[in-house]
Amino acid sequence: MKWQIDRRTFLRGAAGPLLPLPFLNLMQRTASGAVADDPPVRFVTLFKPNGVHPPSWNINAGEEFDFRMSPLMQPFAKHKKDLLILDNMGDFGFSSHANSTRRFLCGHHRSTHSPSIDQLIADKIGGDTVHRSLELTTEGLFPNQFGCSYISYDRNGDAIPRESDPQLIYDRLFRNPLSNPAKRAEMSSLLDRVAEDARSLHRRAGVEDRQTLDQYLSVVRDAEKRIANLKESNRAVEAPTIERPLAPANLNEQVESMIDLITLALWTDSTRCVTYMLGNSNSRMIFDFLGITQQHHYLSHFFRNFSRSNLDALLKISLWHMEKFDYLLTKMKSYKDHKGTLLDHSIVLFGSGMGHSDNHTVKRVPIILAGQGGGRIKTGRYVRYAENQELGRLHLALLNKFGINLDSFGQSTQPLPGLDASDYTPFKERPFESWVRQQSGTITVQGRLRLSDDLNEAKIFYVDVEGQRSVRVEIVFRDFHDFNLAYHCGTPIQMVGDGTERGGQLVITKIKELNSLFGKKPGTQDG
């Protein structure tokens, strides 16, 4: 009978360390010859802080299977066939930073006494994994804005502590948990200590399994080296006059180390559920390694703090976030898992808890699903719903995909349709009349409101009127905020305001009234 090993087989070191293995063909059949269970489906969440610059993120044209990804999506455009891009996700009105983090995995900001979906999923799929779930972050805790620092909540609705140190996470996953920092410095390479066991398994394995083992051991070795370099670069300076840096010395290296560990943990079945925050909501990180000297949160308010250099810096940070999403997907696709890849057998949720980064809208919240979840998700699609869809509906649908059936979640009672190519109501343009009138310094215009896509005038809005030159809307922050212009972007509205004519173009400089032709009035800051 062909030699086989159990799925929970570890490589063992002489002094106690255990190294979990990825799936091998040697694990494919049980002792009775029956085919083993289907590969486990993993759940991964990557949270992007501070929303987006909508003209750079939104897809405003295209069909479900025929669409062009937006400028901010270009870093991961090569994964288009592995993505399900969801549009018109969100609610009405404004969102505080703390509300946006609670909403992201809890469905609604008022769901303060219930768990986030990752915890429900971890209970369902954790099985006999060593770690039921991992909750990870890049940024430290905000003591005075506690809610901004968490996306994972337990069954009582209490925040679950996050981990941010790749070295400690590596130790937790792959080294004796009883080791202390002093002993860690004396420990030799983990791979050296399990080398004999690895060589024995390598001799018995088939050609394909040997390739998987070689790849796996190489990845672990690279992770060790990366973390060692990171630790070296962050070595403390014994000089009391040196000021504490405003940001990590090597943030990019830290984040990629974390993603390396996430994929290793999933591949070795050490865990099946991971949440990772690229930053706190209201993130104050400074991306000095990108040549940026202002805090991310300050730059995210690109209307009230507008300058072309500030907007360029914000987009550079957002592109870096997108590159890390690409890094995660590329890593997951590089690992063989059963008859596919690690990504094939996972569902990855990427996004934010708010849309427009300055006005904190809850409309068109950026949400992307990646991976087919073992056939549960139909990817290679852009799904824009006819109406705003609360995130709780998405969460109910995801819970269903993992075999968790609830009557309601996050104040939603119906799961979101369309994730598996089932029927849904797509967005379609509704006909309306557009016109403009000017009388005694008052301009009344009916048309579609849009934010300028010219980066040199990112705080300027236009109302498009068929057959005529668009009306320019050039207002102060108070009007922008009070009338929630960001919420109404892309929709037909009627606006009344004070204005003038400038160079043959009508310009509204003070808004008196704004009404949506088809939508609802936006909510309050409480949202």
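Preceding this section is the structure that the text describes.
Residues numbered from 1 in each chain as written. Predicted model: local features only at pLDDT ≥ 70, side-chain atom pairs only at ≥ 80, totals over all residues. Heavy atoms only, no water.

Here we come to unusual backbone geometry. For Q411, which is not glycine, the phi dihedral falls at a positive 65 degrees. Looking at the element boundaries, Q411 is found in the loop between α12 (391–401) and β12 (435–439). Using a relative accessible area of 51% as the deciding quantity, one classes Q411 as exposed. Look at S440: it is not a glycine, yet its phi comes out positive at around 50 degrees. You can see S440 is positioned in the loop between β12 and β13 (442–451). (Helix = DSSP H or I, 4+ residues; strand = E, 2+ residues; numbered from the N terminus. Buried < 20%, exposed > 50% of the residue type's maximum accessible area, 1.4 Å probe, protein only.)

Burial within α12 is extensive, with 9 of its 11 residues counted as buried. Considered for burial, the residues of α12 that qualify are L391, G392, L394, H395, L396, A397, L398, L399 and K401. At the exit of α12 stands G403, carrying a positive phi of roughly 80 degrees.

Here we come to the sheet that holds strand β9 (residues 346–351). Strand order in the open sheet made by the 7 strands is β5-β6-β3-β9-β10-β4-β11, with mixed pairing throughout. This sheet does not close on itself; its edge strands, each paired only once, are β5 (134–137) and β11 (381–389). Sheet twist, expressed as the average angle between the axes of neighbouring strands with direction ignored, equals 15 degrees. Sheet topology note: the β9/strand β10 (residues 367–370) ladder contains 4 bridges and is antiparallel. In the strand pairing of β10, L349 is matched with L369. Most of the contacts of helix α11 (residues 308–334) go to β9, to which it runs at about 175 degrees, and overall it touches β3 (42–47), β4 (83–89), β9 and β10. Across the face of the sheet, α12 comes into contact with β3, β4, β9, β10 and β11 while running at roughly 10 degrees to β10. (Pairing = 2+ DSSP bridges. Axes fitted to C-alpha atoms, helices over the stretch in contact; angles between N-to-C directions. Contact = heavy atoms within 4.5 Å.)

This part takes up the packing of helix α4 (residues 166–174) against helix α9 (residues 251–267). In a packed pair of helices, the relevant descriptors are the angle between the two axes and the axis-to-axis distance. Contact pair α4 / α9: the axes reach a minimum separation of 10 Å and the direction vectors enclose 15 degrees. Classified by the angle between their axes, α4 and α9 sit roughly parallel to one another. The two elements α4 and α9 cross, and the hand of that crossing is left-handed. In this structure, α4 uses P166, I169, Y170, L173 and F174 to contact α9, whose residues at the interface are Q254, S257, M258, L261, L264 and A265. Counted by class, the contact of α4 with α9 contains 9 nonpolar, 2 polar and no charged residues. (Parallel < 35°, antiparallel > 145°, perpendicular 65-115°, else oblique. Left-handed = near helix turned anticlockwise from the far one by under 90°. Nonpolar A, V, L, I, M, F, W, Y, C, P; charged D, E, K, R; others polar.)

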